[in-house]
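What follows is each chain in one-letter form.
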Amino acid sequence: MTVTIGRRPTWSLAVRLCSNWSVIRIEFAPADLAGLRFAHSPMVEVVASGFALHQPQRHWMYAAWRDRVRPRLAGVDTFLTLLRGPTCYVPDFLTPVPATSRPSLDDELRTIAATPLDRVAAEVAAGWTGHRAPPEITRFETDPAGALADLIAQVRRYFRLAIAPIWPRLRATVEGEIAHRALAAAEHGPRALLAGLHPELSWDGSALLLGYAKHGDWAHDGSPLALMPAAFAGPMVYTTTGTPSGRALWYPPRGYAALWSSPPSPSPAPSRSSSPALASSPAFASSAWPEPPAPSAALAALLGSTRAAVLTLLAVPSSTGEVAEALRLAPATASHHLTTLRDAGLIVGQRTGRRLRYLRTALGEQLAT
């Protein structure tokens with residue numbers, strides 16, 4: 001059964017979950033390509049991961065992650081309750097469209113904390129319209145400031161327990177998606193930014209068409225569109241339209257399934273901060289690495305088994321050290337294979353901050369898939 005995540009209260013807010021039953025049409029003309037941008041939001045991953053917790057049949061690929069984190073999720077009841085209201089509306093103030101491409105969790109929580117309290121109360125209540133709400137929900141009516149402060153504390157705790165151990169891999173996967181889109185646009189023009197984002201998404205030159213449970217036609221509100229790859233989006237596409245912070249589309253990045261091919265080993269959670277920056281430490285990066293996917297026999301015959309394994313692994317962008325660790329190679333050996341693949345035009349290096357990660361080129365994609 002398709003779940004609609006979104007109603008239209010006072011601010012015409014709508015976060016919607018797509019299916020393949022009908023079509024939602026969102027105006028998007030060729031001129032809008034100039035304003036198209038990408039962003040990776042910690043809060044989008046937080047909220048989308050909550051959907052993965054509550055909807056195991058739809059989000060079956062996260063089973064190992066669910067089994068690992070569920071026993072640890074004490075003290076986050078209000079946050080999780082907000083995601084499963086009977087009207088299937090989730091408050092949009094939880095996922096503001098970020099003003100920057102790489103906001104930190106602290107950045108987004110500051111934005112959430114500044115949300116007008118009447119908006120907070122109205123959006124929380126919209127999830128329970130016509131139903132008896134539990135005390136943690138009714139508190140937003142009687143004490144919205146206190147309830148919002150507690151909610152923010154719970155989001156920090158949830159991030160630390162459920163997201164921080166795998167944050168480096170989530171970010172690397174999204175960085176690879178963004179880099180792939182940039183390369184495609186450079187080779188084929190700006191329309192390639194939208195090509196193949198998701199099977200349920202198409203563009204007819206005047207509007208984005210989304211498979212959805214209801215018909216709808218969303219006029220342009222003047223806001224640029226932010227494309228927001230989210231590793232926890234799973235098989236779904238989510239849209240945000242008409243919100244004070246703008247329009248956004250959440251979708252799963254290329255290679256996201258490789259993140260969940262096997263459960264990561266347990267790792268300690270950070271104790272003093274829920275910042276994604278902390279999760280980028282080597283301890284968290286190594287704990288989040290699944291067993292690498294095996295290359296095809298044909299690719300191994302063409303490139304050699306080790307080099308084929310490296311190219312296959314780079315479905316998720318990886319540094320030399322990450323390749324060495326995942327494939328149990330000496331760093332010098334991993335570096336040699338990466339250099340050979342780069343010189344052959346199958347991969348390119350992309351620097352993010354001080355870290356250099358490698359990702360497949362279009363030719364590398366054709367060979368690996």
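Going along each chain's sequence as written, the residues are numbered from 1 onward. Thresholds applied to this predicted model are a pLDDT of at least 70 for local features of residues and 80 or more for the giving and counting of side-chain atom pairs; totals over whole chains, interfaces and linings are not thresholded and use all residues. To obtain the side-chain values, all non-hydrogen atoms of the structure were included, while hydrogens and water were left out.

Novice: In this structure, what is going on with the overall build of the protein chain? I would like to understand it.
Specialist: Along the backbone of the protein chain there are 14 helices and 11 strands. Residues counted as buried form 55% of the 369 residues belonging to the protein chain. Contact criterion: two residues are considered in contact whenever any of their non-hydrogen atoms come within 4.5 Å of each other. Across the protein chain, the fraction of contacts at a sequence separation of at least 24, relative to all contacts at a separation of at least 6, is 73%. Counting from the N terminus, the helices are the DSSP runs of H or I reaching at least four residues and the strands are the DSSP runs of E reaching at least two. Relative accessibility thresholds used throughout: buried, under 20% of the residue-type maximum; exposed, over 50%; partly exposed, between the two (1.4 Å probe, protein chains only).

Novice: Can you walk me through helix 4 (residues 105–113) in this structure?
Specialist: Owing to its 3.6 residues per turn, the α-helix brings residues three or four apart onto one side. Those residues of helix 4 that fall on the buried side of the exposure criterion are Leu105, Glu108, Leu109 and Ile112. Mapping the buried residues of helix 4 onto a view down its axis gives an arc of 100 degrees, with all of them on the same face. Elements in contact with the buried residues of helix 4: helix 1 (42–54) and helix 7 (144–163). Directions are taken from the helix axis to each C-beta atom, and the arc is the one they span.

Novice: Explanation requested: the nonpolar core in the structure shown.
Specialist: Across soluble globular proteins, you tend to see nonpolar side chains buried next to one another. Formed by 58 residues in total, the largest nonpolar core has its most connected members in Trp65, Tyr158, Ile163, Phe232 and Trp260. Looking at which element gives the most residues to this core, the answer is helix 7, with 10 residues. Setting aside anything within four residues of it in sequence, one finds Trp65 in contact with Ser49, Ala52, Leu53, Tyr158, Ala162, Ile163, Ile166, Phe232 and Trp260. In this description, a nonpolar core means a group of buried Ala, Val, Leu, Ile, Met, Phe, Trp, Tyr and Cys residues linked to one another through side-chain atoms lying within 4.5 Å. With 21 residues, the next largest nonpolar core counts Ile24, Leu36, Val237 and Tyr251 among its residues.

Novice: Just checking my understanding: could you explain the pattern of salt bridges for this structure?
Specialist: Oppositely charged side chains are able to pair whenever their charged atoms sit close together. By salt bridge we mean one thing: a side-chain nitrogen of Lys or Arg within 4 Å of a carboxyl oxygen of Asp or Glu. Using the criterion set out here, one finds 12 salt bridges in the structure. Here Asp107 and Arg110 are joined by a salt bridge, their closest N and O atoms 2.5 Å apart. Pair noted here: Asp107 and Arg110 are both in helix 4, with a separation of three residues, about one helical turn. One salt bridge in this structure joins Glu177 and Arg181, with 2.9 Å as the shortest N-O distance. Within this pair, Glu177 and its partner Arg181 are both found in helix 8 (residues 167–188), separated by four residues, close to a single helical turn. Of the two residues, Glu177 and Arg181, neither departs from the other in class, the shared state being buried.

Novice: What is the right way to look at the packing of aromatic side chains in this model?
Specialist: The relative placement of two aromatic rings is captured by the distance of their centres and the angle of their planes. Pairs were defined over the aromatic rings of Phe, Tyr and Trp, the Trp ring being its six-membered one, requiring ring centres within 6.5 Å. Orientation was assigned from the angle between planes: stacked under 30 degrees, edge-to-face over 60, tilted for the rest. Applying the stated criterion across every chain yields a total of seven aromatic pairs. Ring centres of Phe79 and Tyr158 lie 5.0 Å apart, and the angle between their planes is 55 degrees; on these two criteria the pair is classed as tilted. With Phe79 in helix 3 (residues 77–82) and Tyr158 in helix 7, the pair connects residues that are 79 residues apart, well separated along the chain. Here Phe79 falls in the buried class, since its relative accessible area comes to 0%. You can call Tyr158 buried: its relative accessible area is 0%. An aromatic cluster is built from Phe51, Tyr238 and Trp250, whose rings are joined through pairwise contacts.

Novice: Please clarify how helix 12 (residues 320–327) should be interpreted in this entry.
Specialist: If you check which residues of helix 12 are buried, you get Glu322, Val323, Ala324, Ala326 and Leu327. Positive phi shows up at Arg328, right after helix 12, with a value of about 55 degrees.

Novice: Is there a simple way to think about the packing of helix 11 (residues 305–313) against helix 12 in this case?
Specialist: Whenever a helix is involved, its axis is fitted only over the stretch in contact; in every case the axis is a line through C-alpha atoms, and angles between N-to-C directions fall within 0 to 180 degrees. Two elements in contact, helix 11 and helix 12, have axes separated by 11 Å at closest approach and are oriented at 120 degrees. Pair helix 11 / helix 12 crosses with right-handed handedness. Where helix 11 approaches helix 12, its residues Ala309, Val310 and Leu313 are matched on the opposing element by Val323, Ala326 and Leu327. Residue classes follow a fixed rule: Ala, Val, Leu, Ile, Met, Phe, Trp, Tyr, Cys and Pro count as nonpolar, while Asp, Glu, Lys and Arg count as charged, and any other residue, Gly among them, counts as polar. Of the residues belonging to the contact of helix 11 with helix 12, the class tally is six nonpolar, no polar and no charged. Crossing handedness is read from the near helix: turned anticlockwise from the far helix by less than a right angle, it gives a left-handed crossing, and turned clockwise, a right-handed one.

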